[in-house]
Structure formats: structure tokens, C-alpha cells
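# Working through the structure, step by step
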Amino acid sequence: MEQAADTVRLFFALWPPGDLQAKLAVWARQAAGRGRAMRSENLHLTLAFLGVTEAALVPDLTSLAAGVRFAAFRLPLDRVGYWKHNRIIWCGAAEDPDALTALVESLRGRLCAAGMRYDPKPFVSHLTLVRDASGISAAPPWIPLLWEAGDFALVRSARVEGRLTYQPLQRFPAARG
Ligand code: 2AM
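Here we summarise the structure given alongside this text.

Reading the values: the criteria
- Residues numbered from 1 in each chain as written.
- Predicted model: local features only at pLDDT ≥ 70, side-chain atom pairs only at ≥ 80, totals over all residues.
- Heavy atoms only, no water.
- Helix = DSSP H or I, 4+ residues; strand = E, 2+ residues; numbered from the N terminus.
- Rg over C-alpha atoms; globule rule 2.2 N^0.38 Å.
- Buried < 20%, exposed > 50% of the residue type's maximum accessible area, 1.4 Å probe, protein only.
- Near = heavy atom within 4 Å.
- Polar contact = N/O pair within 3.5 Å; in protein donor to acceptor, adjacent residues only side chain to side chain.
- Nonpolar A, V, L, I, M, F, W, Y, C, P; charged D, E, K, R; others polar.
- Contact = heavy atoms within 4.5 Å.
- Pairing = 2+ DSSP bridges.
- Salt bridge = Lys/Arg side-chain N within 4 Å of Asp/Glu carboxyl O.

## Quick notes on the overall build of the protein
In terms of helices and strands, the protein carries 3 helices and 10 strands. Relative to the globule expectation of 16 Å for 177 residues, the C-alpha radius of gyration of the protein, 16 Å, shows essentially globular dimensions. In terms of overall dimensions, the protein has C-alpha extents of about 45 × 45 × 25 Å along its principal axes. Relative to its full complement of 177 residues, the protein shows a buried share of 43%.

## A short note on the site of the ligand
Looking at the ligand, the residues that line it are R9, F11, H44, T46, F49, I88, D119, K121, H126, T128, R131 and Y166. One of the side-chain nitrogen or oxygen atoms of T46 is found 2.7 Å away from an oxygen atom of the ligand. T128 is positioned such that a nitrogen or oxygen atom in its side chain is 2.5 Å from an oxygen atom of the ligand. Mapped onto the shell around the ligand, the elements with two or more residues apiece are β1 (7-14), β3 (45-54) and β7 (127-131). A class-by-class count of the residues in the shell around the ligand yields 4 nonpolar, 4 polar and 4 charged.

## A look at the side chain of N42
Within the fold, N42 resides in the loop between β2 (36-37) and β3. Look past the residues within four positions of N42 in its chain and what remains in contact with it is W15, Q21, L164, T165 and Y166.

## Here's the deal with the sheet that holds strand β6 (residues 88-92)
Overall, antiparallel pairing links the 4 strands, which are arranged β2-β7-β6-β5 in an open sheet. Lying at the two open borders of the sheet, with one neighbouring strand each, are β2 and β5 (79-83). Across 2 bridges, β2 lies against β7 in antiparallel orientation. Looking at the pairing, A37 lines up with V130 of β7.

## Description of the pattern of salt bridges
If you walk through the whole model with that rule in mind, you get 5 salt bridges. Across the salt bridge formed by E41 and R39, the nearest N and O atoms sit 2.8 Å from each other. The partly exposed category is assigned to R39, whose relative accessible area is 24%. Here D151 makes a salt bridge to R171, at a shortest N to O gap of 3.3 Å. With D151 in strand β9 (residues 151-160) and R171 in strand β10 (residues 163-173), this pair connects stretches of sequence that are 20 residues apart. Take D151: its relative accessible area is 17%, and that puts it in the buried class.

Laid out in C-alpha cells, this is it:
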């Protein structure tokens, strides 16, 4: 579908450091089979999906997100799975740290209070590793990883030279101390 010129497709996400993205991407390529492994630089964990949004709202979204206070936390990536309904292979935490739940609630609460629209589906934390997968049985063993999450980002999703590209527009760091 055509997207109006004065709109952008946006979401908020935790953005892994490059070395973690690279490790995840290696496993994703091995697990992909006939599916599509996500490119390393696109790997993320979505906190709130806004979708097509007026570009003029980006400054408001940025200042709203800058007001979200959260402490840095460790997110164990100790679980992989396959969802049949959308054919993705994903990884995530067997149990979400309280700090992640609090971050999502705070961010979504602020979006609500400001009347910003986002996908209201409940948060199910995961990083998509492979799309259009037909299963996970041929995937290599999963070696748990630990993510030191210290910031989140407002991300733009766009087609660049025919490729889906996620561009972090601004990052929002955890509170110090
Ligand atoms: P997914 O990986 O499980 O598909 C960009 O599309 C990111 O936003 C992806 O991480 C995607 O999750 C997530 N997302 C959440 N809700 C979405 C929606 N309604 N439409 C598209 N992407 C959505």
C-alpha cells in the first residue's frame, strides 16, 4: 500500500549492541532453512509498535520517550521458539525481568496519556530471528546469551533500495546509578 509522503512507519524497540546482533544473526542463518534470516543490523525487540504515523509527531514522541525513566537491566536470551501463526523463529527470556515489564508499561502509559496511537496487543517479548520459517526442528542447539540492555530507541522502518531497513532515529538511555 502507498504510504503518504508526510508519514513514517515507527516503533519503539530495545536495540541490541552490534556484537550481540552478530551472534544472533549467525544462529538465525543456520536455523533459517527456506525461511528468511533477519539481517544482523535489523535485529531488535519491539516494545511498542506505532505503525504509520505523521512525521510531524516525531518530536513529540522523542520528548515523550526521553521522559521514560528506567534502570538498565540484564535480559537473558535463554529461550527459542517457533510460532506457527506468523511463521517466525524467535528468541527471548523464559521470564521477563521486572525492569523490562516496567519499561513497557511506562512507555505505553505515556503514549496512551498523550493520545498517541500504537498497536494495543499485549506485549509478548521476543526478537524475531527468522521469517517465513516452516519450523524449528532443523535449527542448531541454542546457546543462551545475556543482553545488558541500557537503552531503547525510536525506530523508523523504511524500504531502502528495495530492502526493509530499520533506522534508530534516537536512543533513550537508562537512568544512571
Ligand atoms: P514481529 O517481529 O513479531 O513481526 C517491526 O515490524 C517490528 O514491530 C517487528 O518487531 C514486529 O514484530 C513488531 N510489530 C508489533 N506489532 C506489529 C504490527 N501490528 N505490525 C507490524 N509489526 C509489528
